[in-house]
Amino acid sequence: MASGSTGRLYCAPHPNAWEVVWTKDGRLISQDDGKYYILLKNNTLIILNVTMASAGVYMCSLGGVDFPTPSVNITVSVIGSDPIVLDKFGVSATLNCNTTATVTWEKDDVNLNMSLTDKYQLGDNAVLTVFDVQVADTGSYICRHDTSSIEFELQVQAYVVNKLPVSKNLIEGDSYTLRCSGQGSLNGLVVQWLKDFAPLELSDHLLMIGTDDNHTQELTFNKARMEEESGDYQCDVRNDYGNASLSITIRVKDKLAALWPFLGICAEVAILCLIIFIYEKKRNKDEDDDEGPAENMKNTNDHKEQEVRQRNIKS
């Protein structure tokens, strides 16, 4: 049963039984225990607000039945209400047994009370703090008191370790490698690359290589093609306790892509020069047209002056 929950135990009826008697660890459960239990008429025992003290051996006995009295033993264990899931390694975790009784903490059959290091700290109300949680610290922890115990599960959800740029531009024929590294509890840990959130279609131009522990996947673009390799790629990491992902947009451009801006600039310069040439040619023509009438007027005036001089000489 989960700590903090409401437990329910049921005892199958017997046609000749006139009562059902419940005991815990040999002690009779009665209506006076209403703070902890509820006895229902349908042979059901309700355990209220399950705690470590709720763990033990419950026995259901049928009264009014010929000797020997039929009975059923039910062993109840208490676990933490939910797994304690951290978002990454390197942080601390707190496990709260929530009791004033003297308890013993265990992990992997090792008594942590007897082997306290800088990794653990015991506090009030049987609180255990685990510092700098790493892979070896994940798993089951047991808080034990006499015959009662509560089991806690400490895990780390999957997360991406490395960083990725938002986008990357490649020239057709380029080669490029992306890395996806993940960490977290090992249960169900998977690291993979996706394209547009779908499985990759690998080829000679798109290769994926994993490390020995499969916690890192390298995605290599080999002589990238413009249509086939362009798209959104996801570094996806997941385990039984969560998942995370990072995305990068890959754009593969034409080999001549870098040449087009240069050609555009050259075209702009050529057009500008042509405009300047046409403008200068037109301006020169207009100047020539303006000088023609002025020159004729000057010649006419010179001719008139010459005639005046000749007349004066004759007189």
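Scroll up to find the structure this text is about.
Residues numbered from 1 in each chain as written. Predicted model: local features only at pLDDT ≥ 70, side-chain atom pairs only at ≥ 80, totals over all residues. Heavy atoms only, no water.

### A short note on the nonpolar core
Across soluble globular proteins, you tend to see nonpolar side chains buried next to one another. For the record, the criterion: As used here, the term nonpolar core means buried Ala, Val, Leu, Ile, Met, Phe, Trp, Tyr and Cys residues forming a set that is joined through side-chain atoms within 4.5 Å. Burial status follows relative accessibility: with a 1.4 Å probe on protein chains alone, a residue under 20% of its type maximum counts as buried, one over 50% as exposed, and anything between as partly exposed. A run of H or I in DSSP becomes a helix once it reaches four residues, and a run of E becomes a strand once it reaches two; helices and strands are each numbered from the N terminus.
Core analysis: the biggest nonpolar cluster contains 35 residues, and Tyr 58, Leu 95, Trp 105, Leu 128 and Tyr 141 have the highest contact counts within it. Of all the elements in the fold, those that place two or more residues in this core are strand E5 (44–47), strand E6 (56–63), strand E10 (93–96), strand E14 (127–130), strand E15 (139–145) and strand E16 (148–156). Ranked by size, the runner-up nonpolar core spans 20 residues in total, among them Val 191, Leu 219, Ala 224 and Ile 248.

### Examining the packing of aromatic side chains
In plain terms, the rule: Stacked, tilted and edge-to-face are the three classes applied to pairs of Phe, Tyr and Trp rings, where Trp contributes its six-membered ring and a pair requires centres within 6.5 Å; stacked means planes under 30 degrees apart, edge-to-face means over 60, and tilted covers the rest. Think of it as a cone above the ring: NZ of Lys or CZ of Arg counts as a charge over the ring if it is within 6 Å of the ring centre and within 35 degrees of the ring normal.
As enumerated under the stated definition, the model contains 4 aromatic pairs in all. Relative to Phe 152, the ring of Trp 105 lies with its centre 5.6 Å away and its plane at 40 degrees, an arrangement referred to as tilted. Of this pair, Trp 105 sits in strand E11 (residues 104–107) while Phe 152 sits in strand E16, and the two are 47 residues apart along the sequence. Phe 152 matches Trp 105 in its accessibility class, with the two residues each being buried. Its guanidinium or amino end placed over the ring of Tyr 141, Lys 107 lies 5.6 Å from that ring's centre, counting from NZ or CZ.

### Notes on the pattern of salt bridges
We count it as follows: What counts as a salt bridge is simple: a side-chain nitrogen of Lys or Arg found within 4 Å of a carboxyl oxygen of Asp or Glu.
For the structure on display, the rule yields 9 salt bridges. A salt bridge links Asp 108 to Lys 107; the nearest nitrogen and oxygen atoms lie 2.9 Å apart. Of the charged contacts in the structure, one is a salt bridge between Glu 229 and Arg 225, with a shortest N-O distance of 3.0 Å. Residues joined by salt bridges that share partners form a network here, namely Arg 225, Glu 228 and Glu 229.

### Overview of the side chain of Thr 23
In plain terms, the rule: Whether two residues are in contact is decided by their heavy atoms, any of which lying within 4.5 Å being enough.
Following the sequence through the fold, Thr 23 ends up in strand E2 (residues 19–24). Classification of Thr 23 as buried rests on a relative accessible area of 12%. Residues in contact with Thr 23, not counting those within four places in the same chain, are Leu 28, Ile 29, Val 57, Tyr 58 and Met 59.

### Looking at the sheet that holds strand E1 (residues 7–10)
The criterion, for reference: Pairing between two strands requires that DSSP report at least two bridges joining them. In this description, a line fitted to the C-alpha atoms serves as the axis of each element, helices being fitted only across the stretch in contact, and the angle between N-to-C directions of two axes falls anywhere from 0 to 180 degrees.
Overall, antiparallel pairing links the 3 strands, which are arranged E1-E5-E4 in an open sheet. Pairing within the sheet leaves two strands with one partner each, and these edge strands are E1 and strand E4 (37–39). Pairs of neighbouring strands in the sheet enclose a mean axial angle of 15 degrees, with direction left out of account. In this structure, E1 lies alongside E5, joined through 4 bridges in antiparallel fashion. Across the sheet, Arg 8 pairs through a bridge with Ile 46, a residue of E5.

### Things to note about the environment of Ile 209
Take Ile 209: it is sitting in strand E22 (residues 206–210). It is 9.6 Å that separates the C-alpha atoms of Ile 209 and Arg 179, two residues lying 30 residues apart in sequence. What Ile 209 contacts, discounting residues up to four positions off in sequence, is Thr 216, Gln 217 and Glu 218.

### A short note on the state of the cysteines
In a disulfide, the sulfur atoms of two cysteines are held together by a covalent bond. For clarity, the threshold we go by: Two cysteine sulfur atoms form a disulfide, by the criterion used here, when they sit within 2.5 Å.
Summed over the entire model, instances satisfying the criterion amount to 3 disulfides. Disulfide pairing is shown between Cys 11 and Cys 60; the S-S distance is 1.7 Å. Here the disulfide of Cys 11 and Cys 60 is left-handed, its torsion about the S-S bond being about -85 degrees. Placement of the pair is Cys 11 in the loop between E1 and E2 and Cys 60 in strand E6, with a sequence separation of 49 residues. Of the two residues, Cys 11 and Cys 60, neither departs from the other in class, the shared state being buried.

### Some points on the pairing of E2
Where E2 meets strand E3 (residues 27–28), 2 bridges bridge the pair, whose relative direction is antiparallel. Following the sheet pairing, Lys 24 is matched in E3 by Arg 27. In this antiparallel pair of consecutive strands, E2 and E3, the connection spans 2 residues, and Asp 25 shows a positive phi of 50 degrees.

### Details of the environment of Thr 100
Mapping Thr 100 onto the fold places it in the loop between E10 and E11. Counting along the chain gives 26 residues from Thr 100 to Ala 126, while the straight-line C-alpha distance between them is 6.7 Å.

### Examining the pairing of strand E20 (residues 190–195)
The side chains of a regular strand alternate, residue by residue, between the two faces of the sheet. Sheet topology places E20 next to strand E24 (residues 231–239); 6 bridges connect them, and they run antiparallel. Each residue of the ladder has a partner; that of Val 190, found in E24, is Arg 238. One ladder, built from 2 bridges, connects E20 with strand E21 (residues 198–199); its direction is antiparallel. Looking at E21, one finds that Lys 195 is bridged to Ala 198. Counting the residues between successive antiparallel strands, the hairpin from E20 to E21 contains 2 residues, one of them, Asp 196, with a positive phi of roughly 55 degrees.

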